[in-house]
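Take a look at the letters that make up each chain.
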Amino acid sequence: MRIIHLGDLHLGKTLGEYSLIRDQEYILNQILDIVKEKDVNAVLIAGDVYDRSLPSEAAVNLLDSFLSKLAAMCIKTYIISGNHDSEDRLEYGSRLFSSRGIHITSKFNGELVKATTEDEFGELNIYMLPFIKASRVRYYCNDNSIETYEDAVRTVIEQADVDWSERNILIAHQFVTGDSSPQIAGSEGASVQNVGLVEQISSEIFKDFDYVALGHLHSPQSVGYDHIRYSGSVLKYSLNEAFSSKSVPLINIGEKGSVEIELLRLSPFRDLRHITGKLNQILKEENIVDPDDYIYVTLTDEEIINDVMGIVQQYYLNTVKIDYQNSHTKEIENFDIGDIVSDKSFEEIISDFYLKMYGVDISDEELDVMMSVAREAGVINEAD
Ligand SMILES: [Mn+2]
């Protein structure tokens, strides 16, 4: 059986002021071409189908069209919700759609949903775990010992009573780590940028599945094991990804124990690029390439240029952002905040800050509160 793994479509996402809907339509069409050319039997979508819990009309239309085309080609499709999706809205119509091979599991109701499909080697189980938090599982499983996300997911898997002699795939949308920290693309959102230890799940707990299709992190990567993998988002969604590329894992599952993974490169309609240099260099005719791309510009000019966005946009229509890197910005970067506070007591720093923010002196009562909090947090010693 041949399966492709997608995740983090973020349909409806914008880049600066630009809607990416045409780019997303283009990339989904490219994926449909892959499905045809590679004779794919099933598609997995590992959450963050939409960018927002209330998706735009264009985003809903695009998903509708994509799923209709997959159904018309008789491709079995398995979708879970991510943290960006509304579980209720994504769940809409799912019982009807399943009769056409589109399986959506958007709400976690206490157990791991299992869908079963078949090929010449027998049955293949596809377990679908929408994005969950520990509190949800604690509630449903009535188990107060569940504290971390790892406890939660392990409990859900244990209770599913998986037959490990069969072929099993898991689709999940969580922060999973291998031996080292996973690569973060920068467009995942605050919940990933500031992920705490409680939310991190070791890939060890997934290793007995034949393949684990993960969503949540936007950089394509495996975690801990080759068969536990983030597909990555289908497009570059942040400046940090300017020098990376996107791909789709094609998984060829044979008899139990036989899994081959091939990464198929995706090429976007418009790329996202980062250009650095002096304005007159960047805009020289021979240096202008692919003027429709999404462009981030870092100017090294020493002087601030008036209406620079207007100027650059005459050449690069889809310029997202322009910033500077020159001797002034370096001075600011090298500026050590320690220099201001080095000879001041905590009390003085807080009082100065308060005055700056509110324009009046901090009261004795407020200062007492701050001092006791600082003592409790270990910022200052009892003696201070
Ligand atoms: Mn995402």
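This text goes with the structure placed above it.
Read on for an overview of the structure.

The rules behind these values
Residues numbered from 1 in each chain as written. Predicted model: local features only at pLDDT ≥ 70, side-chain atom pairs only at ≥ 80, totals over all residues. Heavy atoms only, no water. Salt bridge = Lys/Arg side-chain N within 4 Å of Asp/Glu carboxyl O. Pairing = 2+ DSSP bridges. Helix = DSSP H or I, 4+ residues; strand = E, 2+ residues; numbered from the N terminus. Axes fitted to C-alpha atoms, helices over the stretch in contact; angles between N-to-C directions. Buried < 20%, exposed > 50% of the residue type's maximum accessible area, 1.4 Å probe, protein only. Polar contact = N/O pair within 3.5 Å; in protein donor to acceptor, adjacent residues only side chain to side chain. Contact = heavy atoms within 4.5 Å. Patch = residues over 30% accessible without salt bridge, like charges linked within 9 Å, V, L, I, M, F, W, Y side chains within 5 Å. Areas by Shrake-Rupley, 256 points an atom, 1.4 Å probe, with all protein chains shown as cover. Donors = N, O, S within 2.8 Å, 3.2 Å for Na, K, Ca; no water.

### Remarks on the pattern of salt bridges
Opposite charge on two side chains permits pairing when their charged atoms draw close.
Then comes step 1: Scanning the entire structure with this criterion turns up 14 salt bridges.
Then comes step 2: Between Arg229 and Asp226 there is a salt bridge whose closest N-O contact spans 2.9 Å.
Then comes step 3: Three or more residues are tied together by salt bridges with common partners; here these are Glu150, Asp151 and Arg154.

### What to know about the sheet that holds strand E9 (residues 167-173)
Then comes step 1: Read across the sheet, six strands follow the order E7-E8-E9-E12-E14-E13 without closing on themselves; strand pairing throughout is mixed. Of all the strands in the sheet, just strand E7 (113-119) and strand E13 (221-223) have a single pairing partner and so form its edges. With strand direction ignored, the average angle separating the axes of adjacent strands in the sheet is 30°.
Then comes step 2: As judged from the three bridges shared by strand E12 (residues 211-215) and strand E14 (residues 225-230), these two strands associate in the parallel manner. When the sheet's bridge partners are listed, Val212 is paired in E14 with Ile228.

### Some remarks on the side chain of His218
Then comes step 1: Take His218: it is sitting in the loop between E12 and E13.
Then comes step 2: Taking the relative accessible area as the measure of exposure, His218 reaches 0% and is therefore buried.
Then comes step 3: Reaching out from His218, the side chain makes a polar contact with the side chain of Ser187 at a distance of 2.8 Å.
Then comes step 4: Aside from chain neighbours lying at most four places away, what touches His218 is Asp8, His10, Ala185, Ser187, Glu188, Gly232, Ser233, Tyr237, Glu241 and Lys246.

### Observations regarding a nonpolar patch on the surface
Then comes step 1: Together, Phe353, Met357, Tyr358 and Val360 give the surface a local cluster of nonpolar side chains, amounting to about 480 Å² of exposed area.
Then comes step 2: Residue placement: Met357 occurs in helix H12 (residues 346-358).
Then comes step 3: Met357 sits in the exposed class, given a relative accessible area of 52%.

### Looking at the pairing of E9
Then comes step 1: In terms of residue burial, E9 counts as a mostly covered element, since seven of its seven residues are buried.
Then comes step 2: Side chains Arg167, Ile169, Ile171 and His173 of E9 all project onto a buried face; the interleaved residues Asn168, Leu170 and Ala172 project onto the opposite face, where all are buried too.
Then comes step 3: By the bridge criterion, six bridges tie strand E8 (residues 122-129) to E9 in an arrangement that is parallel. In the sheet register, Asn125 faces E9, and the bridge partner there is Asn168.

### Quick notes on the coordination of the manganese ion
Then comes step 1: The protein atoms that coordinate the manganese ion are Asp8 (OD), His10 (NE2), Asp48 (OD) and His218 (NE2), at distances spanning 2.0 to 2.4 Å.
Then comes step 2: Summarised as a motif, the one-chain spacing of the donors to the manganese ion is D-x1-H-x37-D-x169-H.
Then comes step 3: Under the relative-accessibility criterion, His10 is labelled buried at 0%.

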